[in-house]
Amino acid sequence: MSEIDWSNLSFSYMKADYNVRCYYRDGKWGELEIHSSEMISMHMAATCLHYGQEAFEGLKAFEGKDGKVRVFRMEENAQRMINSANGLLMAPVPEELFCNAVQKAIELNKRFVPPYESGASLYIRPLLIGTGAKVGVSPADEYLFIIFVTPVGPYFKAGFKPTNMMITRLHDRAAPLGTGNIKAGGNYGASLVAGEEAHHKGYSAVLYLDSREKKFIDECGPANFFGIKNNTYITPESKSILPSVTNKSLFQLAQDMGLKAERRPIPLEELETFEEAGACGTAAVISPIGKIDDIDTGKSYIFSKDGNPGKNCEMLYKKLRAIQYGDEPDPYGWVTVIEI
Ligand SMILES: *Cc1c(COP(=O)(O)O)cnc(C)c1O
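Residues numbered from 1 in each chain as written. Predicted model: local features only at pLDDT ≥ 70, side-chain atom pairs only at ≥ 80, totals over all residues. Heavy atoms only, no water.

- As annotated in an unreviewed UniProt entry, the chain is Branched-chain-amino-acid aminotransferase from Breznakibacter xylanolyticus.
- What UniProt records for the chain under Sequence similarities (unreviewed entry) is the sentence "Belongs to the class-IV pyridoxal-phosphate-dependent aminotransferase family."
- The record in UniProt for the chain states the following under Function (unreviewed entry): "Acts on leucine, isoleucine and valine." (UniProt positions renumbered as here; feature names shortened; annotations may be inferred.)

Have a look at this one:
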């Protein structure tokens, strides 16, 4: 194999050796299959292509100083994918099958797990799609569950630095009682126009307001939002937010660090009162937010004047990464060591 330049990886696709697949047919899941091809073959009338029967997951594995490979909270991802499957009337992937597939995908692609010193990790992408053919709108009879992996670089190449976000009322990511709380590709399709507009204007993402009243903070495109003030970690409560495993973890770690933690609706005006703000998700852990511009009203909310992240964001970021890489104890059993 040509050498991988571990320290210059970005968050993009690189072919690994194998992917694992499992088919759901005749009402049951089959055996886990190992494939080296990146291609899948399916019926042109598959429901994932026409009627949005598609959900995915994203998690990471990390090599520690001790050479062991650790995967972070995979049972949470398994449960979330079950929830997504139920929300789109797809066959749910049992937790045990999901976890075995994650383990297998890492094992088979061990040489793509970036070394500890690189600060990079192995991104794991489970995918569930309806493959059965339907022309009338109805759920498929057949499903395909795939996991592929790809090594990804440290999210912050230039260091852990705040980025800016924008608020717009011209687009919604998800409807109030729609699919915002499940990890469906359809939500991403719905967010591409607004996301591109944000990138063109120089912002890293859109911070969405609740789509019913535009009064409360929902989430940031592909990541959850949190704010910090008066020694309190505050993250929105909303039916249209995707429950982030990273956010759930930070919510706990914030309390361990002596902060209070609240999950409740956050009115837009409250942004003004936050001392720090961030977006969180598997890819970046935390993206500290420098400022948020409301492009409809012209109002700006500023969280970092000197271009540096706040101290709580930084402490939370370091703490979570330390657990993921096995540098610090794992008091909640979040990490599974993969025996290879
Ligand atoms: C995946 C995702 C997140 C982040 O969730 P993690 O479990 O922390 O990776 C946040 N928002 C949306 C819309 C997502 O799809």
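### A closer look at the UniProt feature "modified residue: N6-(pyridoxal phosphate)lysine" (unreviewed entry) in the chain
So, point 1. The feature "modified residue: N6-(pyridoxal phosphate)lysine" (unreviewed entry), as given by UniProt, occupies K183 in the numbering adopted here.
So, point 2. With respect to the helices, strands and loops of the structure, K183 is situated in the loop between β9 (163-167) and α4 (185-200).
So, point 3. Take K183: its relative accessible area is 12%, and that puts it in the buried class. (Helix = DSSP H or I, 4+ residues; strand = E, 2+ residues; numbered from the N terminus. Buried < 20%, exposed > 50% of the residue type's maximum accessible area, 1.4 Å probe, protein only.)

### Here we look at the pairing of strand β1 (residues 19-25)
So, point 1. Counting buried positions along β1 gives six out of seven residues, so the element sits mostly inside the fold.
So, point 2. The pairing of β1 with strand β3 (residues 33-35) spans three bridges and is antiparallel. Within β3, the position partnered with R21 by the bridge is E33.
So, point 3. In this structure, β1 lies alongside strand β8 (residues 143-152), joined through five bridges in antiparallel fashion. When the sheet's bridge partners are listed, Y23 is paired in β8 with L144.
So, point 4. Alignment of β1 against strand β2 (residues 28-29), held across two bridges, turns out to be antiparallel. Residue Y24 lies in a different strand from β2, and its bridge partner there is W29. (Pairing = 2+ DSSP bridges.)

### A few points about the side chain of D294
So, point 1. As for its placement among the helices and strands, D294 is situated in strand β15 (residues 285-294).
So, point 2. In terms of polar contacts, D294 uses its side chain to reach the backbone amide nitrogen of D296, at 3.1 Å.
So, point 3. At a separation of 3.3 Å, a polar atom in the side chain of D294 contacts the main-chain amide nitrogen of T297.
So, point 4. Setting aside chain neighbours within four positions, we find D294 in contact with I167, R169, L268, K299 and Y301. (Polar contact = N/O pair within 3.5 Å; in protein donor to acceptor, adjacent residues only side chain to side chain. Contact = heavy atoms within 4.5 Å.)

### Quick word on the side chain of E270
So, point 1. Relative to the helices and strands, E270 resides in the loop between β13 (260-263) and β14 (276-281).
So, point 2. Judged by its relative accessible area of 11%, E270 falls in the buried class.
So, point 3. Separated by 2.8 Å, the side chains of E270 and K229 make a polar contact.
So, point 4. Each residue touching E270, except ones within four places of it in the same chain, is listed here: K229, I234 and R264.

### So, the packing of aromatic side chains
So, point 1. Taken as a whole and judged by the stated rule, the model has 15 aromatic pairs.
So, point 2. With centroids separated by 4.0 Å and ring planes inclined at 15°, the aromatic side chains of F160 and Y317 adopt a geometry described as stacked. On the criterion of sequence distance, the pair formed by F160 in the loop between β8 and β9 and Y317 in helix α6 (residues 311-324) is long-range, its members being 157 residues apart.
So, point 3. With a centroid separation of 6.1 Å and 85° between ring planes, the pair formed by Y233 and F251 is classed as edge-to-face. (Phe/Tyr/Trp six-rings, centres within 6.5 Å; stacked < 30°, edge-to-face > 60°.)

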